[in-house]
Amino acid sequence: MWLMVVSVPLLSAVVMVISCYSLTVASLSRRALAWALRRVRGVASVRSAHAFVFSNCVHGKADSVLETFDLYADTHPSLCISPQTAEELDAVVKRVRPSRVLELGMHCGYTSVRLLRLLPPAGRLITVEMDPLAAELGEEIILVAGFKHSQFQVLSCSSAEAIPALHSFLESDNGTMDGLDLVLMDHDPQEYLPDLLALEREDLLSAAGCSVLLIYRNQRAEDRREILDHIRRRPNSYCIRSELYSMLEISYKKENQDAT
């Protein structure tokens, strides 16, 4: 009898633990499946977009490459940013007039070409893409658009791996490091805040000022909450310049550590 008295609540606890474990495993499995499906669809989209643009654009003409991407997006699922976001991006680049730009999330190379065509002759783009195939095809699109390797650098790795290694790419001829004037994040929104903190920690953002553009393809409030909270806690360093449907522009300026 005493064994039954002890066993019943113990059995209930075991069932509860198994149920919670099953739910956790099921949740993780769904997330893993969703991630795998996104990767497969993303790779297929990049392949298809690359083939279409490569075959139909005028090689050596950046505007023709962008127009051909737009034609593709009219009839196919595409990883390109929307026309409205593209116009807003152009406006920011023309206003900021950056020389050193970091792009996190290259995808098909559309935004890379869009950025490069507005940089000054001595400007430089560093673009980071975790998927090796997307990085390879995106780099080919940049070359097809008429840009030289001296104007850009493609890093095929995660943003967490790329950021600590950026110092060597930003060194000037006299050995000093030039900070980033513009950062575009279009990878995983959950990595936006960690990557922004890493850029700060590595002292990679220009002390004179840097514009940080965050692209949001899924309009979920939780995607923005953490980074907005961080910005509001740092009013001496950050301010929100503009907040659009799919793009958030943040202005950064390094705090004066000597200020009292």
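Refer to the structure above for everything that follows.
Residues numbered from 1 in each chain as written. Predicted model: local features only at pLDDT ≥ 70, side-chain atom pairs only at ≥ 80, totals over all residues. Heavy atoms only, no water.

(A) Highlighting the environment of Pro-121. Here Pro-121 lies in the loop between α4 (110-116) and β2 (124-128). By relative accessible area, Pro-121 is classed as exposed at 81%. The spatial distance from the C-alpha of Pro-121 to the C-alpha of Gln-151 is 8.2 Å, given a sequence separation of 30 residues. (Helix = DSSP H or I, 4+ residues; strand = E, 2+ residues; numbered from the N terminus. Buried < 20%, exposed > 50% of the residue type's maximum accessible area, 1.4 Å probe, protein only.)

(B) Spatial organisation of the pattern of salt bridges. If you walk through the whole model with that rule in mind, you get 9 salt bridges. The closest approach of N and O atoms between Arg-117 and Asp-90, which form a salt bridge, is 2.9 Å. Residue Arg-117 is located in the loop between α4 and β2, and its partner Asp-90 is located in helix α3 (residues 83-96); the two are separated by 27 residues in the primary sequence. In this structure Arg-117 comes out as partly exposed when scored by relative accessible area, which is 26%. Salt bridges linked by common partners bring Asp-63, Asp-90, Arg-114 and Arg-117 together as one network. (Salt bridge = Lys/Arg side-chain N within 4 Å of Asp/Glu carboxyl O.)

(C) Structural context of the side chain of Asp-181. Summarising the element assignment, Asp-181 is placed in the loop between α7 (167-170) and β4 (182-185). By relative accessible area, which is 13% here, Asp-181 ends up buried. A polar atom in the side chain of Asp-181 sits 2.9 Å from the backbone nitrogen of Ser-99. Non-local contacts of Asp-181, meaning those with residues more than four positions away in its chain, are made with Val-96, Pro-98, Ser-99, Arg-100, Ser-206, Gly-209, Cys-210 and Ser-211. (Polar contact = N/O pair within 3.5 Å; in protein donor to acceptor, adjacent residues only side chain to side chain. Contact = heavy atoms within 4.5 Å.)

(D) Representation of the packing of aromatic side chains. Scanning all chains against the criterion turns up 4 aromatic pairs. Plain terms: the ring middles of Tyr-192 and Tyr-216 are 5.6 Å apart, the flat faces sit at 70 degrees to each other, and that makes the pair edge-to-face. Here the residue Tyr-192 occupies a position in helix α8 (residues 192-201), and Tyr-216 occupies one in the loop between β5 (210-215) and α9 (221-233), the gap between them amounting to 24 residues. Owing to a relative accessible area of 1%, Tyr-192 belongs among the buried residues under this scheme. Ring geometry for Tyr-238 and Tyr-252: centres 5.2 Å apart, planes at 50 degrees, overall tilted. Taken together, the residues Tyr-238 in strand β6 (residues 238-243) and Tyr-252 in strand β7 (residues 247-252) connect sequence positions 14 residues apart. Each member of the pair, Tyr-238 as well as Tyr-252, carries the same accessibility label: buried. (Phe/Tyr/Trp six-rings, centres within 6.5 Å; stacked < 30°, edge-to-face > 60°.)

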